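Listed below, chain by chain, are the residues.
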Amino acid sequence: MRLSRSLAYARNVAVVEVEELARTYRTSTGILRRRTVEVEAVRGVSFEIAKGELFGLLGPNGAGKTTTIKMLITLLLPTAGTARVLGLDVARNAREVRKRIGYVFGGDRGLYERLSGLDNLRYFAELYGVEPRVQKLRIQELLQLVGLAGREREKVEGYSRGMRQRLHIARGLLHDPEVVFLDEPTIGVDPVGARELRATIAALTDAGKTVLLTTHYMFEADALCDRIAVIAQGRIVAQGTPQALKAGVGEGTVVEIEVYGIEDAVVERVRALDGVSNVGLEARDQKQVLVVQTLPGRELVHAILGHLHGSEVGRVSSREPTLEDAYVALVE
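Each value, and the rule that gives it
- Residues numbered from 1 in each chain as written.
- Predicted model: local features only at pLDDT ≥ 70, side-chain atom pairs only at ≥ 80, totals over all residues.
- Heavy atoms only, no water.
- Axes fitted to C-alpha atoms, helices over the stretch in contact; angles between N-to-C directions.
- Helix = DSSP H or I, 4+ residues; strand = E, 2+ residues; numbered from the N terminus.
- Parallel < 35°, antiparallel > 145°, perpendicular 65-115°, else oblique.
- Left-handed = near helix turned anticlockwise from the far one by under 90°.
- Contact = heavy atoms within 4.5 Å.
- Nonpolar A, V, L, I, M, F, W, Y, C, P; charged D, E, K, R; others polar.
- Pairing = 2+ DSSP bridges.

> Looking at this structure, how should I read the packing of helix 4 (residues 117-127) against helix 6 (residues 161-172)?
For any two helices packed against each other, one specifies the crossing angle of their axes together with the interaxial distance. At a minimum axis distance of 10 Å, the contact between helix 4 and helix 6 shows a crossing angle of 25 degrees. By the angle between their axes, helix 4 is roughly parallel relative to helix 6. Between helix 4 and helix 6 the crossing geometry is right-handed. Along its contact with helix 4, which presents G117, N120, L121 and F124, the element helix 6 presents L167, A170 and R171. When its residues are assigned to classes, the contact of helix 4 with helix 6 shows 4 nonpolar, 2 polar and 1 charged.

Right under this line is the structure:
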């Protein structure tokens, strides 16, 4: 599916075009002697999103993801560069851009808890200027799309977090936008609710929408996104399909070793091994796991274990690289 859609993207005009986009802001620092400093939140970001594409923007906290989205939805003015949505410049044609896009953010804010889901949608339909004659049909279609049909007359205060997020998505689609921006929509949602949300997000492109998604969940981006851009320290450090990004890690192996009481010097000795491309130490379920990425054709398990003398070693396993491995290698 991704391959055929990627071929179609090449023939389509870009719906979102970002060229050398930058945003600098001023802030104060210091306690006794305050001074003003300039912070470059976004530094010359460029990418395109084709019609009908689900595009992921990934990066650590503070990398510039939300700042980039805020410029694209006209909440912030760029310091430099240009951005166009549906051919409209986000700075010069802000009002027209707002009419044609939807924005959904993670979290519980933005809904009226004492009202039912249906009344929330009716209220926001009025705010968005949806014509009265099409409101009822539009709301019913959206309730079906986000899986809330039959629950719409319940008060929002009784909704689970996942249900609230699906209601957020319905709210963002009331005016039938062509482009939808989803900023970490599954954050804090339980696994069952997150799975339902991902099905809803996947259905958006089937409904003809173009979607930009930010998320911290790599498996989510791998499952949903047609293409991904990774941003770090305000710059795009890689772009491509999930498969291409994973291939960029190499066709090597990822070795995972449970360790107890490991020291930094030991990690550095493993990092210096010939054939090791990346090393990380992760905390999982009250355990430490040493994650070692190796180059293709190298069998390094015994060499790695030989450097772990003095540390208690538990389970050892090998696997193929994932999108998370590629992401860690790019942003570290």
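Text resumes after the structure shown.
> Please clarify how the sheet that holds strand 14 (residues 312-319) should be interpreted in this entry.
Two strands in a sheet stick together by hydrogen bonds in their backbones, pointing the same way (parallel) or opposite ways (antiparallel). On the basis of which strands lie adjacent, the open sheet formed by 4 strands has the order 12-13-11-14 and antiparallel pairing. Edge strands, defined here as strands with exactly one partner in the open sheet, are strand 12 (276-284) and strand 14. Neighbour-to-neighbour, the strand axes of this sheet turn through a mean angle of 20 degrees, independent of strand direction. Inspection of the sheet shows strand 11 (residues 254-260) paired to strand 13 (residues 287-294) by 6 bridges, in the antiparallel sense. The residue of strand 13 that forms the bridge with I257 is L290.

> Would you take a moment to explain the packing of helix 6 against helix 7 (residues 191-206) for this structure?
Closest axis-to-axis distance for the helix 6/helix 7 pair is 10 Å, and the angle between their directions is 15 degrees. It follows from the interaxial angle that helix 6 and helix 7 lie roughly parallel. For the pair helix 6 and helix 7, the crossing hand works out as right-handed. The residues of helix 7 that touch helix 6, namely those facing G162, Q165, R166 and I169, are E196, L197, T200, I201 and L204. Residue composition of the contact of helix 6 with helix 7, grouped by class: 4 nonpolar, 3 polar and 2 charged.

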